[in-house]
Amino acid sequence: MKKSDHTITRRGFLAVGAGALAAPLFLPGRILGLDGATSPNNQIVSVSVGMGNRGNEILGAFWSGSFRCLGVCDCYQTHAERARDRVNDRYKNKDCVVFSKYEEILDRKDVDVLAVSTPDHWHTKITVDACKAGKDVFCEKPLTLTLAEGLQIVQAARKYNRVVSSGSQRVMEDYGYMAPVIQSGAIGTVKEVYVGVGGPPKTCYQPEQPIPEGMDWDRWLGQAPWAPYNSERCSGSYGGGWRQYEEYCNGFLADWGAHKYGGALYALGLDKEDPVEILPKNCEKNPKEFVCAVYKNGIRLYHGGGDITFVGTEGTYMHGQDLKPKKVVEVRRYSGGADNIYEDFAYCVRNRLRPFQDVEYGARTAAFCQLLNICYKLDRPLRWDQEKYAFENDEQANRMVLRPQRSPYTIEV
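Numbering of residues starts from 1 in every chain and runs along the sequence as written. Totals for whole chains, interfaces and linings use all residues, but because this is a predicted model, local features are given only for residues with pLDDT of at least 70 and pairs of side-chain atoms are given and counted only at 80 or more. The side-chain quantities take in all heavy atoms of the structure and omit both hydrogens and water.

Colleague: Looking at this structure, I do not really get the overall build of the protein chain. What am I missing?
Modeller: Numbering of helices and strands runs from the N terminus; a helix is a DSSP stretch of H or I covering at least four residues, while a strand is a stretch of E covering at least two. Along the protein chain, the regular secondary structure elements total 14 helices and 13 strands. For a compact globule of 413 residues, the expected C-alpha radius of gyration is about 22 Å, and the protein chain comes in at 21 Å, within 12% of that figure. Taking the principal axes of the C-alpha coordinates as reference, the protein chain spans close to 60 × 55 × 40 Å. Whether a residue is buried, partly exposed or exposed follows from its accessible area with a 1.4 Å probe, protein chains only, as a fraction of its type maximum: under 20%, in between, or over 50%, in that order. Going through the 413 residues of the protein chain one by one, you find that 58% of them count as buried. Taking the contacts inside the protein chain whose residues are at least 6 apart along the sequence as the reference set, 71% of them involve residues at least 24 apart. Total accessible area on the protein chain stands at roughly 17,100 Å², and carbon and sulfur atoms take up 49% of it. Between the mean site of the 52 positive side-chain charges and the mean site of the 51 negative ones, the protein chain shows a separation of 3 Å. Taken over C-alpha atoms, the radius of gyration is set against a globule rule of 2.2 Å times the number of residues to the power 0.38. Note on definitions: a residue-residue contact is assigned when non-hydrogen atoms from the two residues lie within 4.5 Å. Per-residue accessibility takes into account occlusion by the displayed protein chains alone, with areas from the Shrake-Rupley method and a 1.4 Å probe. Counted as positive: Lys and Arg. Counted as negative: Asp and Glu, with His and the chain ends omitted from the count. Where a charge lies is defined by one atom per residue type: Lys uses NZ, Arg uses CZ, Asp uses CG and Glu uses CD.

Colleague: Can you walk me through helix α11 (residues 251-268) in this structure?
Modeller: Because each turn of an α-helix spans 3.6 residues, side chains separated by three or four positions end up pointing in the same direction. The span one expects for a helix is its residue count, reduced by one, times 1.5 Å. Over its 18 residues, α11 runs 24 Å from end to end, which matches the ideal 26 Å to within 8%, given 1.5 Å per residue. Consider a residue and the seven residues that end there alongside the seven that start there; fitting an axis to each set, the bend is the angle between those axes. Maximum bend of α11: about 60°, positioned at G257. The buried fraction of α11 amounts to 16 of the 18 residues, a majority that puts the element mostly inside the structure.

Colleague: What exactly am I supposed to notice about helix α7 (residues 147-159) here?
Modeller: Here α7 spans 19 Å end to end across 13 residues, near enough to the 18 Å set by a 1.5 Å rise per residue. Counted residue by residue, α7 has 12 buried out of 13 residues, so it is predominantly covered. For α7, the set of buried residues is L147, A148, E149, G150, L151, Q152, I153, V154, Q155, A156, A157 and R158. Residue N161 follows α7 closely and has a positive phi angle near 55°.

Colleague: Explanation requested: the side chain of R243 in the structure shown.
Modeller: As for its placement among the helices and strands, R243 is situated in the loop between α10 (217-221) and α11. A 3.5 Å cut-off defines polar contacts: any pair of N or O atoms within that distance qualifies, except that in protein one atom must be a possible hydrogen donor and the other a possible acceptor, and neighbouring residues in sequence count only when both atoms are side-chain atoms. In terms of polar contacts, R243 uses its side chain to reach the side chain of D255, at 3.4 Å.

Colleague: Help me understand the layout of surface pockets, please; the structure alone is not making it clear to me.
Modeller: In this approach, a probe sized like a water molecule rolls over the atoms, and the result shows the empty space that is left. Both cavities and pockets are sets of points on a 1 Å grid over the protein atoms alone; in a cavity a 1.4 Å probe fits but cannot get out, in a pocket the set is open with protein on both sides within 12 Å along at least five of seven lines, and lining residues sit with an atom within 4 Å of a point. Grid points are joined across faces, edges and corners, and a volume is the space filled by probe spheres set on the points. Its volume calculated, the largest pocket comes out at about 760 Å³. Around the largest pocket sit 43 residues that line it, and G52, N53, S117, P119 and W242 are the ones nearest its centre. Only α3 (53-58), α6 (123-132), α10 and α11 provide two or more residues apiece to the lining of the largest pocket. Lys, Arg, Asp and Glu make up the charged group, whereas Ala, Val, Leu, Ile, Met, Phe, Trp, Tyr, Cys and Pro make up the nonpolar group; the residues left over, Gly among them, are polar. Looking at the lining of the largest pocket residue by residue, the classes come out as 18 nonpolar, 14 polar and 11 charged.

Colleague: Before we go on, may I ask you to explain the nonpolar core in this structure?
Modeller: Nonpolar side chains tend toward joint burial in soluble globular proteins. Joining through side-chain atoms within 4.5 Å is the link that ties buried Ala, Val, Leu, Ile, Met, Phe, Trp, Tyr and Cys residues into a set, and such a set is a nonpolar core. Counting 66 residues, the largest nonpolar core has F62, L147, V193, Y261, L301, F310 and F391 as its most contacted members. The residues contacting F310, other than those within four sequence positions of it, are M178, I182, I187, V190, E192, V193, A264, A267, L268, G315, T316 and Y317.

Colleague: Would you take a moment to explain the environment of V87 for this structure?
Modeller: Tracing the sequence through the fold places V87 in helix α4 (residues 77-91). Sequence-wise, V87 and L59 are 28 residues apart; in three dimensions their C-alpha atoms are separated by 8.3 Å. Residues contacting V87, with those up to four places away along its chain left out, are L59, W63, C69, V72 and C96.

Right under this line is the structure:
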């Protein structure tokens, strides 16, 4: 792929990341308690963006504990007002601010963090813009829509010294117990991993329906191609809706893959590394019934074959199985004694640390699912160069690293 086709280079991304390692994350005055703002002993001021199904589920995490919710944001007035009423009922007042556009939040000096629960095609742009405005971000999974966005979102977090946590509480809270077992060598050297999640996305073909009153449909579409409104197209249903369509998501492969592949990569210690080869099923190098990704250490991670199952030289270990570590090993954990992903994020905001689900881990897990999806679409073996951030000798695949973005919703770091 020519540089002109993809100006964000892996080399540039690494340079930004290396510089950030040497410098402390910037601590805004409002977190220090300057000018009457919030202090480390008080609550972090949040605004929740995207008030559909998932946004409403996690709203409580950002109005309690370490957080205080100042407002809610949604391009659909009905969703925003429903969330506003919930916040006001929680605090027994009428102070919750409703925003129809997230840009209205960025210049607010009284806002510390954005909690982003929009459909996936909005994740990167909102996160990047928030980082540029000096806000920290908790963004739901899957973190990005395209491979190119994986570079952009990490680059923004590092360039602007922001704390950015990807979602997926399940990586630690459901599957985290597996990491010490695997990394202790309890089943020897891992050779294969089988992870059962849903399939790739499909193109959305839905008939036009009247746009509901209070819905900014153009904004909901964002960077995605223009399409007529249909309630199923934008539904937040966990069994359908936008999650199944390639215009807005990477299918249920990525939706649950953010949890399960995230957990598997965490256990393997490979959650900052991309595979080097992706193989379709029933091919010469992969005669099995599952598409697989091959890492440079030889581990094969398959799409299918049951729940999370590790196959090693000395045994097999699957999710739910009782197996003790062979020895004590140090693995990444939540910071500050936190027992959930939201309090881990809060501790890291206060102390300017990278959270358990740091933006880079979320981006790499999303990239894994995106690589599998490209292999499904092309149905041929692919070789991926993480350093060059391109497929080897495959122009068609390289055109899928990024997508056209509809103006004015383009992403700029």
